[in-house]
Amino acid sequence: MGMKKIESALISVYHKDNLEPLVKLLHENGVKLYSTGGTRKFIEDLNIPVIAVEDETQYPSIFGGRVKTLHPKVFGGILYRRSNESDLSEQKQYEIPSLDLVIVDLYPFEDTVASGASHEDIIEKIDIGGISLIRAAAKNFNDVVIISSREQYQSLYNILESNSGSTSLEDRRLYAAEAFDISSNYDTAIFNYFNQDSDLKRFKQSVRQSKVLRYGENPHQEGVFYGDLENLFDQLNGKELSYNNLVDVDAAVNLMSEFEETAFAILKHNNACGVALGDTVKDAYKRAFEADTLSAFGGVLITNKEVDKEAAEEMNSLFFEVLIAPSFSEDAHEVLKVKKNRILLKQKEQLQNKKMFKTLLNGVISQDIDWKTDKLSDLKEATKIAPSDEEKKELLFASKICKHTKSNTIVLSRDGQMLSSGVGQTSRVDALNQAIEKAKVFGFELEGAVMASDAFFPFPDCVEIADKAGIKSVIQPGGSIKDQLSIDYCDENEMSMVFTGYRHFKH
């Protein structure tokens, strides 16, 4: 059990909200309180006796508050071992007060960085005394309780109220683990701030929020999401998001970020099975659905405009897992929420991530996120015949989809509607043939369609196959030593082709 009664406490916090009940309970239990600065005033204003740390150490707070608690009488009172005779002797010899509870939080470094504050302000939010007190108290968890976050005030209150002011060894060990979690997360944030423009290549990431999922990719795999989904979405309906839901939602959100016009996409296993533009969300949905009415079943749906009642009624007959939108009209919500497991996500903000990473072999691989969107100014006309302005617009539409589709990939589109795609094939020819065949299955003629490729053509076979299918305009990165072979075929067969200069592999 290792039950220990708290007889003295050091309290020095930045965040004082919800602290009052805990301070009052400590006072009621006869706990001697020590504090500094604003926290001491907060306690005094409650008419509760409190000892100033400066009075105990006989040393003032100096350097604008940079040094307040860094003193042997403070750290000695935390770190001395209550069961060690030598430590007890030295404690008595040097008149070091015993500190059984430390309530300390940290300056809001991450929030200060996120606010766009100046470098000087950010540096001042690097906590020195707080982080040291947290580590000291956590190290000596056998004898000391460490409360390192305002989120723990209520849990400690409940423990002390239930156990007459005492804590168990298990309680103290758990608080110590949480303290080291907080301190390591804090140090990681500081390192990443200093390292953002340096050549020091180190992989350090820390995410404190987590959510245990029902399972991972398959039922026999454990799954956990690390992050705060509530910052990104409001879930308006449905069951909990699964591992596979989250992977598809990520793909959907990234794809939809490419479009400003009213757009709709349907995804399955990370790839779009339908994408379209429209005058309304209903129109865009119907055109996206037409591209693959089979794969849409059980898919993840997303749009970049408000879902209204007309759109909701149109898609309501389809079984789908998730629908993501920036907003839902009240009538639309009423229509869609009838199916209780259907997940409705209101997206509150766009993704801001700059890096992506994954485990690989015995390490981690990291890269910049591909935020490059091909635009009109990127297009280099490679053939004698130039695409028309409308064809260029269509080529860029197809290229956006291609960027978010698993390589090797080919995307075919016309009039702001993806007609089909070839996905994840080991050869680009296979991807093109798959796309052509799929378009035929769903009743699309390819005359006048355009073709997008995520990488260059090493041979002219793809443009030849596309030409015979009725496609007359092509967008690709270019860069093959045999580009001229594809250019020559296009020129000989009155096809237009543009190079972007940017490859968009996705593995």
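For the structure, check the block above.
Below you will find a few notes about this structure. Because the structure is a prediction, the values reported are computed rather than measured.

## Describing the overall build of the protein
- Along the backbone of the protein there are 18 helices and 23 strands.
- On C-alpha atoms alone, the protein measures out to a radius of gyration of 31 Å, which is more than a quarter above the 23 Å that the 2.2 N^0.38 rule sets for 507 residues.
- Its C-alpha atoms put the protein at 95 × 50 × 40 Å along the principal axes.
- Residue pairs at least 24 apart in sequence account for 55% of intrachain contacts in the protein once pairs closer than 6 positions are excluded.
- When the accessible area of the protein is evaluated, it comes to approximately 26,000 Å², of which 48% is carbon and sulfur surface.
- Looking at the protein, you have 59 positive and 79 negative side-chain charges, and the mean spots of the two groups are 3 Å apart.

## Some thoughts on the environment of Asp100
- Checked against the element boundaries, Asp100 lands in the loop between α5 (85-93) and β5 (101-104).
- When its relative accessible area of 11% is taken as the criterion, Asp100 is described as buried.
- Other than its neighbours up to four places away in sequence, Asp100 contacts Lys5, Ile6, Glu7, Ser8, Arg82, Asp143, Val144 and Val145.

## What to know about α5
- You can read the cap of α5 off the contacts: a side-chain oxygen lies 3.0 Å from the backbone nitrogen of Ser86, and it is on Asn84.
- Positive backbone phi, approximately 50°, marks Glu95, located one or two places after α5.

## Examining the sheet that holds strand β4 (residues 51-52)
- Here five strands make up an open sheet; going across it, the order is β4-β3-β2-β5-β6 and the pairing parallel. Only two strands of the sheet have a single neighbouring strand rather than two, namely β4 and β6 (145-147).
- Bridging between strand β2 (residues 8-12) and β5 involves four bridges; their strand directions are parallel. Each bridged residue has a counterpart across the sheet, and for Leu10 the counterpart in β5 is Val102.
- Its contacts with the sheet put helix α8 (residues 129-139) on β2, β5 and β6, and the angle it makes with β5 is roughly 150°.

## Things to note about empty space enclosed by the protein
- Under the defined criterion, the tally for this structure stands at three cavities of 30 Å³ or more.
- Put simply, the largest cavity is a space of about 80 Å³.
- Of all the secondary structure elements, the ones that give two or more residues to the lining of the largest cavity are α3 (53-57) and α4 (72-79).
- The greatest single-element share of the lining of the largest cavity, amounting to three residues, is contributed by α3.
- Considered class by class, the residues forming the lining of the largest cavity number six nonpolar, one polar and two charged.
- Volume-wise, the second largest cavity comes out at about 60 Å³.
- Sorting the residues of the lining of the second largest cavity by element identifies α15 (389-403) and β22 (473-476) as the ones contributing at least two each.

## A few points about the layout of surface pockets
- Here the second largest pocket defines a volume of roughly 510 Å³.
- Taken together, 26 residues line the second largest pocket, and the ones lying closest to its centre are Gly65, Lys68, Tyr107, Asp127 and Gly129.
- Taken together, the elements giving at least two residues each to the lining of the second largest pocket come down to α2 (37-44), α7 (119-124) and α8.
- By residue class, the composition of the lining of the second largest pocket is nine nonpolar, ten polar and seven charged.

## Description of the packing of aromatic side chains
- Taken as a whole and assessed by the stated rule, the structure comprises nine aromatic pairs.
- Pairing Tyr193 with Phe194 gives two aromatic rings, centres 5.6 Å apart and planes at 85°, and the pair type is edge-to-face.
- When its relative accessible area of 14% is taken as the criterion, Tyr193 is described as buried.
- Here the aromatic cluster, defined as three or more aromatic residues joined through ring pairs, consists of Phe109, Tyr186, Tyr193 and Phe194.
- Over the face of the ring belonging to Tyr80 we find Arg82, whose NZ or CZ atom lies 4.0 Å from the ring centre.
- The side chain of Lys372 reaches across the aromatic face of Tyr502, ending 4.5 Å from its centre.

## Details of the packing of α8 against helix α10 (residues 169-195)
- Where α8 contacts α10, the axes come no closer than 9 Å and their chain directions differ by 150°. With respect to α10, the axis of α8 lies roughly antiparallel. The handedness of the crossing between α8 and α10 is left-handed. Judged by residue contacts, Ile131, Ile134, Arg135, Ala138 and Lys139 of α8 engage Ala176, Ala179, Phe180, Ser183 and Tyr186 from α10.
- Among the residues forming the contact of α8 with α10, the class breakdown is seven nonpolar, one polar and two charged.

What counts and what doesn't
- Residues numbered from 1 in each chain as written.
- Predicted model: local features only at pLDDT ≥ 70, side-chain atom pairs only at ≥ 80, totals over all residues.
- Heavy atoms only, no water.
- Helix = DSSP H or I, 4+ residues; strand = E, 2+ residues; numbered from the N terminus.
- Rg over C-alpha atoms; globule rule 2.2 N^0.38 Å.
- Contact = heavy atoms within 4.5 Å.
- Areas by Shrake-Rupley, 256 points an atom, 1.4 Å probe, with all protein chains shown as cover.
- Lys, Arg positive; Asp, Glu negative; His and termini not counted.
- Charge placed at Lys NZ, Arg CZ, Asp CG, Glu CD.
- Buried < 20%, exposed > 50% of the residue type's maximum accessible area, 1.4 Å probe, protein only.
- Polar contact = N/O pair within 3.5 Å; in protein donor to acceptor, adjacent residues only side chain to side chain.
- Pairing = 2+ DSSP bridges.
- Axes fitted to C-alpha atoms, helices over the stretch in contact; angles between N-to-C directions.
- 1 Å grid on protein atoms, 1.4 Å probe; cavity = no way out; pocket = protein on both sides within 12 Å on 5 of 7 lines; lining within 4 Å.
- Points joined across faces, edges and corners; volume = space filled by probe spheres on them.
- Nonpolar A, V, L, I, M, F, W, Y, C, P; charged D, E, K, R; others polar.
- Phe/Tyr/Trp six-rings, centres within 6.5 Å; stacked < 30°, edge-to-face > 60°.
- Lys NZ or Arg CZ within 6 Å of the ring centre and 35° of its normal.
- Parallel < 35°, antiparallel > 145°, perpendicular 65-115°, else oblique.
- Left-handed = near helix turned anticlockwise from the far one by under 90°.

Honestly, that's just the spatial picture; any functional story needs more than this.
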